[in-house]
Amino acid sequence: MEARDPELKRELDATLHARRELGEEYESALVDSFLEKVEQRVDGTVDRRVRRQLAEQQMVVARGARPQQPVDSNFGERFGFGIISMILAVPLTAIGVVNAGFKGLVVAWLGIVGVNFVHAARGFPWLHRSRAGRGKAGAGSGWED
């Protein structure tokens, strides 16, 4: 769908013309009808783009290459997770030290580091077990996303 879709513009003009002729009592029905047409156009456009992208990915996989992923596509997620971890580290450390002293401090920080490691490990495919060669017994187990 282009920024200026002539068919959609005609639909809007027709809706506005019908609103002028029919009056305000039909305004909500006319608006709902127009919005439904816009939604159908957007859905169709998104559907075509998704299908095209899936077809491109399937072609890449069929050729034996790995799908190309953006270099730093999840930077915001990783950054936010790190900030939240550090914010939560302060009260967790205080609770651990107050209740168990140095051992509580160590346990709190082992937990914080462990959670951050698991979150970071999702981005490293070499840390995941190979999915190939697994039989029925291995199905559903392992470190898969």
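Calculation notes
- Residues numbered from 1 in each chain as written.
- Predicted model: local features only at pLDDT ≥ 70, side-chain atom pairs only at ≥ 80, totals over all residues.
- Heavy atoms only, no water.
- Helix = DSSP H or I, 4+ residues; strand = E, 2+ residues; numbered from the N terminus.
- Buried < 20%, exposed > 50% of the residue type's maximum accessible area, 1.4 Å probe, protein only.
- Areas by Shrake-Rupley, 256 points an atom, 1.4 Å probe, with all protein chains shown as cover.
- Salt bridge = Lys/Arg side-chain N within 4 Å of Asp/Glu carboxyl O.
- Patch = residues over 30% accessible without salt bridge, like charges linked within 9 Å, V, L, I, M, F, W, Y side chains within 5 Å.
- Lys, Arg positive; Asp, Glu negative; His and termini not counted.
- Charge placed at Lys NZ, Arg CZ, Asp CG, Glu CD.
- pLDDT = per-residue confidence, 0-100.
- Contact = heavy atoms within 4.5 Å.

K.L.:
Is there a simple way to explain the overall build of the protein in this structure?
P.N.:
Along the protein, the regular secondary structure elements total 4 helices and 0 strands. Scanning the protein from its N terminus toward the C terminus, one meets helices and strands in the order α-α-α-α. Counting across all 145 residues of the protein, residues that qualify as buried make up 12%. Of the roughly 12100 Å² of accessible surface on the protein, 61% is carried by carbon and sulfur atoms.

K.L.:
Whenever I open this one, the pattern of salt bridges confuses me. Can you help?
P.N.:
Side chains bearing opposite charge may pair, as long as their charged atoms lie close to each other. Using the criterion set out here, one finds 6 salt bridges in the structure. In this structure, Glu7 engages Arg41 in a salt bridge whose closest nitrogen and oxygen atoms are separated by 3.5 Å. You can see Glu7 sitting in helix α1 (residues 6-22) and its partner Arg41 sitting in helix α2 (residues 27-62), a full 34 residues away along the chain. Judged by its relative accessible area of 25%, Arg41 is partly exposed. Put simply, Asp47 and Arg51 hold a salt bridge, and the shortest N to O gap is 3.0 Å. Separated by 4 residues within a single helix, Asp47 and Arg51 lie in helix α2, roughly one turn from each other. Asp47 sits in the partly exposed class, given a relative accessible area of 35%.

K.L.:
Quick question: what am I supposed to make of a negative patch on the surface here?
P.N.:
A contiguous patch of negative charge, built from Asp32, Glu36, Glu39 and Asp43, is present on the exposed surface. Of note, Glu39 is situated in helix α2.

K.L.:
Quick question: what am I supposed to make of the confidence of the model for the protein here?
P.N.:
Caution is warranted with low-pLDDT regions, since their predicted coordinates should not be read in detail. In this model, the protein carries a mean pLDDT of 78, and residues with pLDDT of at least 70 account for 76%. Ignoring residues within four places in sequence, the model shows residues 131-142, a span with pLDDT below 50, making 8 contacts including any to other chains.

K.L.:
Just checking my understanding: could you explain a nonpolar patch on the surface for this structure?
P.N.:
Among the surface-exposed residues, Val42, Val46, Val50 and Leu54 lie close enough to one another that they form a single nonpolar patch of about 300 Å² accessible area. Its location among the elements puts Leu54 in helix α2. Note on Leu54: relative accessible area 45%, which makes it partly exposed.

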